[in-house]
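Okay, here's what each chain looks like letter by letter:
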Amino acid sequence: MFKKQQFGIDLGSDLIKIYNARKNTLLKEKNMIAVMDPDIYLAVGNDAYEIYEKNPKNVQVTIPMSAGMIADIGSLEIILYSLLRKSSPHLSKSPELYFAVPTDMTQIEKRAYYMLTRNGAFQNCHVFLINRPIADAIALGINIRNTKGEMIVNVGAQSTEISVIADRRVILSRVLPVGGYTIDTEIVDSVRRYHQLFIGMRTAARLKLSMGNIEEEKREARKAMGISSVTGLPKEGTIASEVVNQAILSVVKTICGEIRSVLERTPPQVRREIYRHGYYLLGGTSSLPGIDRYLAETLEYPVLLSRFTDEGTIHGLQEIIASRDLIQQWAYPADGKKKKKKK
C-alpha cells in the first residue's frame, strides 16, 4: 500500500524547492514563468530562465513572488502544478502540501496560500503552512523546546528574514525586502555609473558570483557584454572588482543595520544567549565570501554559517513531514481552521 503523497514546498523568490516525501527526492528549479501575449504559457522553471533577458517583446518572463510573498497567484499555480508533476508524474488528486512561509505575514498574505489551492488541479489538496524560522531551526538542529535564545538570519533572493526563537516559539521576526536580487540591481547600477555600460541581471549575478568578496583586497577585472550608455550599441566592457564589491557592501550594510535593530528589540536575557554562542546565517546569499566575517566584526556577535545555504528550509520541511509529532506541533491549515487530532 502506498503512503499518502506529501510535498514540502519552499517558494523562494529565485528558486522553488519541492521535497517529495514518498520518493525522498528534491526538485529545485527557477521560480519563473514565460508568457506570450495575451495568455499563452510557454515555459516554467529552468526552461523559463533560459528565455530570461533573451525574450522578444511579446514574451514576458516574470517571477510570481515579491519580497518573499505571493504576488501573482495565477502564474504561481501554473508553475507549482508543472513542477509537482515533474517531481511526481503520478500526482494524486488530494496530496498534502506543506509550505514554508514567513512568520511576519498579514491575514491577506496568508490567504494567498489558501487561494492558491482553490482552483483547478489544486482544489482537492490539503494545504498546511509552517513558519520558515521553525523549519530553519529544525534543519539547523536547534532544540526549539529547550532553547533560551536563538537568532536565525535567512538571506534569500528578494528578502531577508531575521527571527529570534525562545520560549518554544518565534518571539521576534522581521522580513526585510532586501536580498540577492537587490545586490544584482546594485551591481547593474554601479556598472552603469562607473563604466557607462548597461548590463543585464544575469550578467550582474555572474559578476557577483565570480568576483564578489567584500573582504578581499586584491583587485581583479572581468569582461562583460552590455549596451553602451553613450552610443546605445552593444559593447564589451572591463568591470573592476571594486565596483562589484562596493555594490555588495551597500546591501550587506542594510542587512547588518536591520539585524542590529532586531537585537536591540530582543529581551536582554535572550540577547545574552545569542551573544554567548552566536546567530545562524543561511540562505542563498549567505554563500557570498566574507559576508559572515563582516557581520561578525561589525555587530560583534559570533556568526554560525550554515552548511545548507539555500536548502536549509526545505531540509527542515523534510524533517517535519517525517514526524507526526512535528506536524501536529508546527503545521497549521492554510484556511485557518484547526486540524482535527487523530484518535
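A.B. asks: Now, about the pattern of salt bridges: what can you tell me, with residues and values included?
C.D. replies: If charged atoms from side chains of opposite charge come close, those side chains can pair. Per the stated rule, a full pass over the model turns up 14 salt bridges. Among the ionic pairs, R132 bridges to D10, the shortest N-O distance being 3.5 Å. Of the two residues, R132 is situated in helix α4 (residues 132–139) and D10 in strand β1 (residues 6–11); the sequence distance between them amounts to 122 residues. Its salt-bridge partner being D14, residue K30 comes within 2.7 Å of it at the nearest N-O pair. With K30 in strand β3 (residues 25–30) and D14 in the loop between β1 and β2 (15–20), this pair connects stretches of sequence that are 16 residues apart.

A.B. asks: An account of the side chain of T266 is requested, with residue identities and associated values reported.
C.D. replies: Position of T266 relative to the elements: it lies in the loop between α7 (241–265) and α8 (268–277). Looking at T266, the relative accessible area reads 2%, which means it is buried. There is a polar contact of 2.7 Å between the side chain of T266 and the backbone oxygen of V262. Excluding anything up to four places from it in sequence, T266 contacts V164, L172, R271 and I274.

A.B. asks: Before we move on, could you go through the packing of aromatic side chains and cite the residues and values that matter?
C.D. replies: With the rule as written, the count across this model stands at 4 aromatic pairs. Its end group placed over the ring of Y49, R202 keeps NZ or CZ at 4.3 Å from the ring centre.

A.B. asks: Describe in detail the pairing of β1, supporting the description with residues and values.
C.D. replies: Within β1, 6 of the 6 residues are buried, which leaves the element mostly enclosed by the surrounding structure. Relative to strand β9 (residues 96–101), β1 runs parallel, the two sharing 5 bridges. Considered in β9, the bridge of D10 is made with A100. Pairing geometry for β1 and β2, over 5 bridges, is antiparallel. Considered in β2, the bridge of L11 is made with I16.

A.B. asks: Explain the environment of G226 residue by residue, including any values.
C.D. replies: Here G226 lies in strand β15 (residues 221–228). Taking C-alpha positions, G226 is 7.3 Å from G200, a pair spaced 26 residues apart along the chain. Residues in contact with G226, not counting those within four places in the same chain, are L197, F198, I199, L233, P234 and K235.

A.B. asks: Go over the sheet that holds strand β16 (residues 234–240), please, and point to the residues and values.
C.D. replies: Overall, antiparallel pairing links the 3 strands, which are arranged β14-β15-β16 in an open sheet. The sheet is open, and its two borders are formed by β14 (197–198) and β16, each paired with just one other strand. Of the strand pairs in this sheet, β14 and β15 are connected by 2 bridges, and their pairing is antiparallel. Across the sheet, the residue bridging to F198 is I227, located in β15. The sheet strands contacting helix α6 (residues 201–211) are β15 and β16, and the helix crosses β15 at an angle near 170°.

A.B. asks: Outline the nonpolar core, supporting the account with residue identities and numerical values.
C.D. replies: Counting 43 residues, the largest nonpolar core has M151, I187, I259, Y279 and L295 as its most contacted members. The element contributing the most residues to this core is α7, with 11 residues. Beyond its immediate chain neighbours, meaning those up to four positions away, I259 contacts M151, V153, I162, Y279, L295 and L299. By size, the runner-up hydrophobic cluster in this structure holds 29 residues, among which are I16, L83, Y113 and A334.

A.B. asks: Explain the sheet that holds β1 to me, and be specific about the residues and the numbers.
C.D. replies: A sheet is described by the order of its strands in space; here 6 strands give the open sequence β3-β2-β1-β9-β10-β19, paired in mixed fashion. The open sheet terminates on both sides in strands that have one partner only, identified here as β3 and β19 (332–333). Contacts from α4 reach β1, β9 and β10 (126–131) within the one sheet, and its direction differs from that of β10 by about 70°.

A.B. asks: So, unusual backbone geometry: which residues are in play, and what are the values?
C.D. replies: Although it is not a glycine, A67 adopts a positive phi angle of roughly 55°. Inspection of the secondary structure assignment puts A67 in the loop between β7 (65–66) and β8 (69–70). Judged by its relative accessible area of 22%, A67 is partly exposed. We note that D167 has phi near 55°; this positive angle belongs to a residue other than glycine. Position of D167 among the secondary structure elements: in the loop between β12 (160–166) and β13 (169–176). Residue D167 is classed as exposed on the basis of its relative accessible area of 58%.

A.B. asks: Kindly report on the pairing of β10, identifying the contributing residues and their values.
C.D. replies: Walk down a regular strand and you will see the side chains alternate between the two sheet faces. Most of β10 is tucked away, with 5 of its 6 residues classed as buried. By the bridge criterion, 6 bridges tie β9 to β10 in an arrangement that is parallel. Looking across to β10, one finds that L97 is bridged to V127. Two strands pair when backbone bridges link them, and β10 and β19 are joined in this way by 2 bridges, in the antiparallel orientation. Directly across from F128, in β19, lies its bridge partner P333.

The rules behind these values
- Residues numbered from 1 in each chain as written.
- Predicted model: local features only at pLDDT ≥ 70, side-chain atom pairs only at ≥ 80, totals over all residues.
- Heavy atoms only, no water.
- Salt bridge = Lys/Arg side-chain N within 4 Å of Asp/Glu carboxyl O.
- Helix = DSSP H or I, 4+ residues; strand = E, 2+ residues; numbered from the N terminus.
- Buried < 20%, exposed > 50% of the residue type's maximum accessible area, 1.4 Å probe, protein only.
- Polar contact = N/O pair within 3.5 Å; in protein donor to acceptor, adjacent residues only side chain to side chain.
- Contact = heavy atoms within 4.5 Å.
- Phe/Tyr/Trp six-rings, centres within 6.5 Å; stacked < 30°, edge-to-face > 60°.
- Lys NZ or Arg CZ within 6 Å of the ring centre and 35° of its normal.
- Pairing = 2+ DSSP bridges.
- Axes fitted to C-alpha atoms, helices over the stretch in contact; angles between N-to-C directions.
- Core = buried A, V, L, I, M, F, W, Y, C linked by side-chain atoms within 4.5 Å.

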